[in-house]
Amino acid sequence: MSTEQNLAQIGVVGLAVMGSNLARNFAHKGHTVAVYNRSTSKTDKLISDHGEEGNFIPSATIEEFVASLERPRRAIIMVQAGKATDAVIEQLADAMEPGDIIIDGGNALYTDTIRREKEISARGLHFVGAGISGGEEGALHGPAIMPGGPAESYEALGPLLESIAAKVDGTPCVTHIGPDGAGHFVKMVHNGIEYADMQVIGEAYHLLRYAAGMEPSEIADVFREWNSGDLDSYLVEITAEVLSQVDSETQRPLIDVIVDSAGQKGTGRWTVKAALDLGIATTGIGEAVFARALSGAQRQRAATCQALPSGAVETFDDLGIDKADFVEDVRRALYASKLVAYSQGFDEIKAGSEEHNWNVDPRDLAMIWRGGCIIRAQFLNRISEAYDHNPEVESLLLDPYFHQEMENLVDSWRRVVVAATRLGLPVPVFSSSLSYYDSLRAERLPAALIQGQRDFFGAHTYQRVDKPGRFHTLWSADRSEIEV
Ligand code: 6PG
C-alpha cells in the first residue's frame, strides 16, 4: 500500500508487453508508476524482471491501484480493444473521483471512444482516447502518441506523455489532437497508411524478385540503399532486415519459408470503412486491406492459382529493360504510390475532422509522425512543410514540392505498372494509385455516363454542364428533357 509521500504520477492498467514497456518507459523517465493487471502474475513478473529500473507501485486490486495515484489521477489502460476496455473503464470510473483522467492507450475504434468520452465526462471524469504507435520497442524507448479528449486534460497529461514520447530534433512526438475520438481516429488512419506503405513495399519487393529475378539478399541491399534517400523510413529499414534474414533450419531466405497470408487486427479495415462513410477515396489503403484479405483466402487461391488462364504473359527479357533502370523505376513507383497513400490518409483525416468538428491540424500529425511511430519517415518533414505552406491545400499532391516530385516519378510509375501487367504480376496499390492519380488529373470522368444510366433506370436526375438545375430525360416516352 502506498503512503501520501509515495504516490504515483501515472498508472498503467494491463501489463502485457505494450503496457509493461510503457510503464517501464515512464519509470525510466523518473516518474513513479502505479501498475495493475487483472492476473497478478503479470504484475509480479514486471516487478521481478524490471522492478529495479525505477519506482513502481504494484497493486493487486483496482481500488488499491487508484489509491496509489496522486490527484488528478491519471491511469492509462493498455488492454484489448472492445469489451475488455469497457470493463476496465467501468472499474476505474467507479473507484475514481471527479477530475481524474482515464486514458485508453489501445487501438480503440474512434466511435467507441466518442461514446466512452460522453459517458465518462457525464460522471465528472476525463476520458482521453490516445493512439500510441511504435510497437513494443516504441512503447519502451519512445512512441508517437496521439491523445484526444478534452484539451484541459492535456494540461495534466501532456508533460508526462512528452517525457516518454520519441523526440525528433528535440520535439516530442505527441500533441493534443482534438476532442473525444480525434486521437483514435488519426491513429486509425495512421494504421491505414501503414497498411498501404507495407503493401507498396511488398509490391516493389515482388517485382524485383519475380520480374527482375533478384535474390532476397540482393533486394535487401537495394532497400538499404533506398533507405538513404527519399524513401528513408522505418518500414524500408526493417524490410532490408527481414529480407536478409536466413532461416536457420533450412538455410533458405526466411521470406521464402513464411506463409504468404497476411494477418490484420482490424485498424486498416476500420480506416476504409470510415473513408467509405465519409466519401473519401482512400484507394491505396483500400487495396492494401483487400490485398491482405486476398492473401488470406487460402482455399480460393489454391483452387485458382494454376487454373486461371494467364494470357500471353511475357518474360523480363521480352520487356527489353535494363535491370538497373527497372530497379530505379520501381523505386520511383514505390515513392509515387506512397505519396498517394499519405495524401489520401490526410484527406480522410481532414474529412473526419470536419465531420466531427475536431479541428485537427494536419501539420501536427506530420510533425509527430516523424518519430516513434511505424510510419515514421523522412518525407513527413516535406508533408509538414507542405501544410505550413498552405494549410488548406486541396491535395498534398498539389504542393509545389510534391508536384515537382510527381513530375520526376510519373513516367517510371507508368512503366512499372505496364511492365507488371505484361508480366502478369499483381501490383494492386501501384496500379490503383496510378488510376487515382489519373482520375485526379482527368478533365472528364465516366461519371457522366453513370449519371445517364441512373437517370435511365431510376429517374435519379442529372446536372448539366451548361446551366444550373436538375434534369431528367423521359427515357420511356419521347426522350425529351424536363427540369425537375
Ligand atoms: C503501431 C502499429 C500497431 C500494430 C497494429 C497493426 O502503430 O504501433 O500500427 O498498432 O502493429 O495493430 O496491426 P495489424 O497489422 O495486425 O492490423
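This is a predicted model, so every value here is computed, not measured. (Residues numbered from 1 in each chain as written. Predicted model: local features only at pLDDT ≥ 70, side-chain atom pairs only at ≥ 80, totals over all residues. Heavy atoms only, no water.)

1. Focus on the overall build of the protein
In step 1: Helix and strand counts for the protein come out as 21 helices and eleven strands.
In step 2: A compact globule built from 484 residues would reach a C-alpha radius of gyration of about 23 Å, and the protein, at 26 Å, matches this within 12%.
In step 3: Across its three principal directions, the C-alpha atoms of the protein cover 80 × 70 × 45 Å.
In step 4: Counting over 484 residues, the protein shows a buried share of 50%.
In step 5: Of the roughly 22,600 Å² of accessible surface on the protein, a fraction of 51% belongs to carbon and sulfur atoms. (Helix = DSSP H or I, 4+ residues; strand = E, 2+ residues; numbered from the N terminus. Rg over C-alpha atoms; globule rule 2.2 N^0.38 Å. Buried < 20%, exposed > 50% of the residue type's maximum accessible area, 1.4 Å probe, protein only. Areas by Shrake-Rupley, 256 points an atom, 1.4 Å probe, with all protein chains shown as cover.)

2. Digging into the pairing of strand β1 (residues 10–13)
In step 1: Residue alternation in β1 divides its side chains into two sets, Ile10 and Val12 and Gly11 and Val13, and both sets are buried.
In step 2: Where β1 meets strand β2 (residues 32–36), four bridges bridge the pair, whose relative direction is parallel. Opposite Val12, over in β2, you have Val35 as the bridge partner.
In step 3: Note that the unit made of β1, helix α1 (residues 17–28) and β2 has a crossover that is right-handed.
In step 4: Bridge count for β1 against strand β4 (residues 74–77) is three bridges, and the pairing is parallel. Bridged to Gly11 within β4 is Ala75. (Pairing = 2+ DSSP bridges. Right-handed = clockwise from strand over helix to strand, strands pointing away.)

3. With respect to the side chain of His176
In step 1: Relative to the helices and strands, His176 resides in the loop between β9 (171–172) and α8 (182–210).
In step 2: The class of His176 is buried, set by a relative accessible area of 19%.
In step 3: Within the structure, His176 has its side chain in polar contact with the backbone oxygen of Gly149 (distance 2.7 Å).
In step 4: Among the polar contacts made by the side chain of His176, one reaches the main-chain carbonyl oxygen of Gly178 at a distance of 3.4 Å.
In step 5: What His176 contacts, discounting residues up to four positions off in sequence, is Pro147, Gly148, Gly149, Pro150, Ala151, Tyr154 and Asp364. (Polar contact = N/O pair within 3.5 Å; in protein donor to acceptor, adjacent residues only side chain to side chain. Contact = heavy atoms within 4.5 Å.)

4. Here's the deal with the site of the ligand
In step 1: Inspection of the region around the ligand gives 14 residues, with Ser133, Glu194, Tyr195, Lys265 and Arg292 positioned closest.
In step 2: Within the side chain of Lys187, an N or O atom sits 2.9 Å from an oxygen atom of the ligand.
In step 3: In the model, an oxygen atom of the ligand is placed 2.6 Å from a nitrogen or oxygen of the Glu194 side chain.
In step 4: Surface burial for the ligand is 80%, taken as the share of its 410 Å² of free accessible area covered by protein chains.
In step 5: Broken down by class, the residue content of the shell around the ligand amounts to two nonpolar, eight polar and four charged.
In step 6: Among the domains, domain 1 (10–176) and domain 2 (187–441) are the pair contributing at least three residues each to the shell around the ligand. (Near = heavy atom within 4 Å. Nonpolar A, V, L, I, M, F, W, Y, C, P; charged D, E, K, R; others polar. Domains from an automatic or database assignment.)

5. Let's talk about the sheet that holds β1
In step 1: If you trace the seven strands from one edge of the open sheet to the other, you get β3-β2-β1-β4-β5-β6-β7, paired in mixed fashion. In this open sheet, the two edge strands, each paired with only one partner strand, are β3 (55–59) and β7 (144–147). Geometrically, the sheet is characterised by an average inter-axis angle of 25 degrees between neighbouring strands, direction not taken into account.
In step 2: Relative to strand β5 (residues 101–104), β4 runs parallel, the two being bridged by four bridges. (Axes fitted to C-alpha atoms, helices over the stretch in contact; angles between N-to-C directions.)

6. Remarks on the nonpolar core
Where a protein is soluble and globular, its nonpolar side chains tend to be buried together.
In step 1: Among the nonpolar cores identified, the biggest contains 90 residues, and Leu207, Phe223, Trp226, Trp369, Ile383, Trp413 and Phe430 are the most heavily contacted of them.
In step 2: Of all the elements, α8 adds the most residues to this core, at 14 residues.
In step 3: Non-local contacts of Trp226, meaning those with residues more than four positions away in its chain, are made with Ala204, Leu208, Leu231, Asp232, Val236, Val327, Val330, Arg331 and Leu334. (Core = buried A, V, L, I, M, F, W, Y, C linked by side-chain atoms within 4.5 Å.)

7. Regarding the pairing of β5
In step 1: A two-sided burial pattern is seen for β5, the buried positions comprising Ile101 and Ile103 on one face and Ile102 and Asp104 on the other.
In step 2: What joins β4 to β5 is helix α4 (residues 83–95), and the crossover it makes is right-handed.
In step 3: By the bridge criterion, four bridges tie β5 to strand β6 (residues 126–133) in an arrangement that is parallel. Bridge assignment links Asp104 to a residue of β6, and that residue is Gly129.
In step 4: On the question of chirality, the crossover connecting β5 to the parallel β6 by way of helix α5 (residues 110–122) is right-handed.

8. Some details on the side chain of Arg370
In step 1: Within the fold, Arg370 resides in the loop between α17 (362–368) and α18 (380–389).
In step 2: Only 3.1 Å separates the side chain of Arg370 from the backbone oxygen of Met367, close enough to count as a polar contact.
In step 3: Excluding residues within four positions of it along the chain, Arg370 makes contact with Val168, Asp169, Thr171, Arg376, Ala377, Leu380 and Asn381.

9. Things to note about the state of the cysteines
In step 1: All told, the structure shown has zero disulfides when counted by the stated rule.
In step 2: Free cysteine Cys373: the closest other cysteine sulfur is in Cys173, separated by 7.3 Å. (Disulfide = S-S within 2.5 Å.)

10. Side note on the packing of aromatic side chains
In step 1: Across all of its chains, the model carries 14 aromatic pairs by this definition.
In step 2: Consider the rings of Phe346 and Tyr387, whose centres lie 5.5 Å apart with planes at 40 degrees: the pair is tilted. With a gap of 41 residues between them, Phe346 in helix α16 (residues 323–356) and Tyr387 in helix α18 connect regions that are remote in the sequence. Across this residue pair, the class does not change: Phe346 and Tyr387 are buried.
In step 3: The rings of Tyr335, Tyr342, Phe379, Tyr401 and Phe402 are connected pair by pair, giving a single aromatic cluster.
In step 4: When the ring centre of Tyr234 is taken as origin, the NZ or CZ atom of Arg376, which lies over that ring, is 4.1 Å away.
In step 5: Looking at Arg464, its charged tip hangs above the ring of Phe471, at a distance of 6.0 Å from the centre. (Phe/Tyr/Trp six-rings, centres within 6.5 Å; stacked < 30°, edge-to-face > 60°. Lys NZ or Arg CZ within 6 Å of the ring centre and 35° of its normal.)

11. Observations concerning the packing of helix α9 (residues 216–226) against helix α10 (residues 234–244)
To describe two helices that pack against each other, one gives the angle between their axes and the distance between the axes.
In step 1: Between α9 and α10, the shortest axis-to-axis distance is 8 Å and the interhelical angle comes to 160 degrees. In terms of orientation, α9 lies roughly antiparallel with respect to α10. Viewed along their axes, α9 and α10 form a crossing whose handedness is left-handed. Residue-level inspection shows Pro216, Ser217, Ile219, Ala220, Phe223, Arg224 and Trp226 of α9 in contact with α10, the latter providing Val236, Thr239, Ala240, Glu241, Leu243 and Ser244.
In step 2: Here the contact of α9 with α10 is composed, by residue class, of eight nonpolar, three polar and two charged. (Parallel < 35°, antiparallel > 145°, perpendicular 65-115°, else oblique. Left-handed = near helix turned anticlockwise from the far one by under 90°.)

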